[in-house]
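# Remarks on the overall topology
Given next are the chains, with one letter for each unit.
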Amino acid sequence: MVLFLILLLTAMVLGIIGAVADGLLYLLVIAIALFVADLTYAGLRLRRGAGRHALR
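Just so it is clear, the model here is predicted, and its values are computed rather than measured.

### Some points on the overall build of the chain
- Along the backbone of the chain there are 2 helices and 0 strands.
- Of all 56 residues assigned to the chain, the portion counted as buried reaches 16%.
- Counting every atom, the chain has about 4,700 Å² of accessible surface; 74% of that belongs to carbon and sulfur.

What follows is the structure in C-alpha cells.
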C-alpha cells in the first residue's frame, strides 16, 4: 500500500511540473505512464489478494 501511495504522489508531482513548466512536457508523459502503471499494480494486487483470505 505504501508503494502505491508513493507512486501516486510521484505521478501527481511530475504531472504538475510537466504541465506548468515550459519545455518539460516529457515529465507529463512520464507522469501519465507512471499513473497507468500504478493503477495496473493496484488492480493486480487487489485481484490477487482477494482469494487468499482464510475463513474464520
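### Re the environment of I17
- Relative to the assigned elements, I17 resides in helix α1 (residues 2-20).
- Put simply, I17 and L27 are 10 residues apart on the chain and 7.1 Å apart in space, counted from C-alpha to C-alpha.
- Once residues within four sequence positions are removed from consideration, I17 is found in contact with L24 and L27.

### Notes on α1
- Between its first and last C-alpha, α1 extends 27 Å over 19 residues, near the 27 Å set by a 1.5 Å rise per residue.
- Three or more residues of α1 are buried, namely F4, A11, L14, G15 and G18. One side of α1 carries all its buried residues, which in axial view fall inside an arc of 105°. Structural note: α1 exposes V2, L9, I16 and V20 on the side pointing more than 90 degrees away from its buried face.

### Describing the environment of V29
- Relative to the elements of secondary structure, V29 occurs in helix α2 (residues 25-49).
- Remark: the alpha-carbon pair of V29 and A11, spanning 18 residues in sequence, is separated by 9.8 Å.

### A closer look at the environment of D38
- One can find D38 in helix α2.
- Residue classification places D38 among the buried residues on the basis of a relative accessible area of 0%.
- Spatially, the C-alpha atoms of D38 and L5 are 8.9 Å apart, while their sequence positions differ by 33 residues.
- With sequence-adjacent residues up to four places away left out, D38 is seen in contact with F4, L7 and L8.

Rules of the game
- Residues numbered from 1 in each chain as written.
- Predicted model: local features only at pLDDT ≥ 70, side-chain atom pairs only at ≥ 80, totals over all residues.
- Heavy atoms only, no water.
- Helix = DSSP H or I, 4+ residues; strand = E, 2+ residues; numbered from the N terminus.
- Buried < 20%, exposed > 50% of the residue type's maximum accessible area, 1.4 Å probe, protein only.
- Areas by Shrake-Rupley, 256 points an atom, 1.4 Å probe, with all protein chains shown as cover.
- Contact = heavy atoms within 4.5 Å.
- Expected span 1.5 Å × (residues − 1).
- Arc of directions from axis to C-beta.

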